[in-house]
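# Descriptive structure summary
Each chain, written out:
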Amino acid sequence: KAGVTQTPRYLIKTRGQQVTLSCSPISGHRSVSWYQQTPGQGLQFLFEYFSETQRNKGNFPGRFSGRQFSNSRSEMNVSTLELGDSALYLCASSLHQGGSNEQFFGPGTRLTVL
Amino acid sequence: GQNIDQPTEMTATEGAIVQINCTYQTSGFNGLFWYQQHAGEAPTFLSYNVLDGLEEKGRFSSFLSRSKGYSYLLLKELQMKDSASYLCAVERYGQNFVFGPGTRLSVLP
């Protein structure tokens, strides 16, 4: 069974631009969560989608948004990029919502904002 | 609010035993995960605790005390490949995960 895939793996943007990252979960997994990882802040939860609905949202500004499609693939968008948005963005999928759900992480997209 | 604390760095010798602690304060606690993350790679699942007590899986064991808001990960017979960051993560009701800052473990020969 293929793992979680994320595209692109690396991205360089400039301040003020916008970016869209994509995540394909493990087949059959309906829950997709997004995280931002930086050396200073560690792994921080962005949002979680289940069956095309945003179920949970972390403490990030409205510039960060996401969506999930009927095939469970998910995208996240960051508008008006700032230097501080440079980070590794990780997507994780799990089988169900709630309960003891192990999350499987993708390799991440490393975003650099210049 | 919610808060998770772990030591920033630890060093141990190959073949030894190391215990990585995690303390947490959070509402809606559902369970606690431990993940391993090698530099430049994605986190991978190690263990999950929902009830008090010890869960053993090979060289790795994880302990949870819900009343004390405390967990630890025990690594036995340390190997060089165990050098990595270890992340403690609290699962809250509604599947909202809160991760600790991670503990960077260095295993020395």
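Here the residue numbering is sequential within each chain, running from 1 through the sequence in written order. Think of it this way: whatever chain is written first is A, whatever ligand is written first is 1, and the rest follow in order. Only residues with pLDDT of 70 or above have their local features reported here, since the model is predicted, and side-chain atom pairs are shown and tallied only from 80 upward, although totals for entire chains, interfaces and linings are computed over all residues. Remark: hydrogens and water are excluded; side-chain values derive from all non-hydrogen atoms of the structure.

### Concerning the layout of surface pockets
Cavities and pockets are found on a 1 Å grid laid over the protein atoms alone: a cavity is a set of points where a 1.4 Å probe fits but cannot escape, a pocket is an open set with protein on both sides within 12 Å along at least five of seven lines, and a lining residue has an atom within 4 Å of such a point. Grid points are joined across faces, edges and corners, and a volume is the space filled by probe spheres set on the points. Reported here for the largest pocket is a volume of approximately 580 Å³. Taken together, 24 residues form the lining of the largest pocket, with Gln37 and Pro39 of chain A together with Gln37, Ser85 and Arg104 of chain B sitting closest to its centre. Contributing elements (two or more residues each) for the lining of the largest pocket: strand 4 (31-38) and strand 9 (87-94) of chain A together with strand 9 (84-92) and strand 11 (103-108) of chain B. If one sorts the elements of the lining of the largest pocket by residue count, strand 9 of chain B sits on top with three residues. Under the scheme applied here, ten amino acids are nonpolar (Ala, Val, Leu, Ile, Met, Phe, Trp, Tyr, Cys and Pro), four are charged (Asp, Glu, Lys and Arg), and all others, including Gly, are polar. Looking at the lining of the largest pocket, its residues break down into seven nonpolar, 13 polar and four charged. Under the scheme used here, helices are H or I runs from DSSP no shorter than 4 residues and strands are E runs no shorter than 2 residues, and both carry numbers assigned from the N terminus.

### Considering the environment of Tyr24 of chain B
All names here are of chain B. Assignment of secondary structure puts Tyr24 in strand 3 (residues 18-25). Taking C-alpha positions, Tyr24 is 12 Å from Arg92, a pair spaced 68 residues apart along the chain. With sequence-adjacent residues up to four places away left out, Tyr24 is seen in contact with Asn3, Ile4, Phe29, Leu32, Leu64, Ser65, Arg66, Gly69, Tyr70 and Val90. Note on contacts: a residue pair is in contact if any heavy atoms of the two residues lie within 4.5 Å.

### Considerations on the pattern of salt bridges
Residue and element names in this part refer to chain A. Salt bridges are defined as contacts in which a side-chain nitrogen from Lys or Arg sits within 4 Å of a carboxyl oxygen from Asp or Glu. Within the structure shown, the criterion is met by seven salt bridges over all chains. Across the pair Asp85 and Arg63 runs a salt bridge, and its minimum N-O distance is 2.8 Å. One end of the pair, Asp85, is in the loop between strand 8 (74-78) and strand 9; the other, Arg63, is in the loop between strand 6 (53-57) and strand 7 (64-68), with 22 residues separating them in the sequence. The exposure class assigned to Arg63 is buried, which follows from its relative accessible area of 15%. Arg67 is paired through a salt bridge with Glu75; the nearest N and O atoms lie 3.3 Å apart. Throughout, exposure labels follow a simple rule: accessible area from a 1.4 Å probe, protein chains only, divided by the maximum for the residue type, with under 20% read as buried, over 50% as exposed, and the rest as partly exposed.

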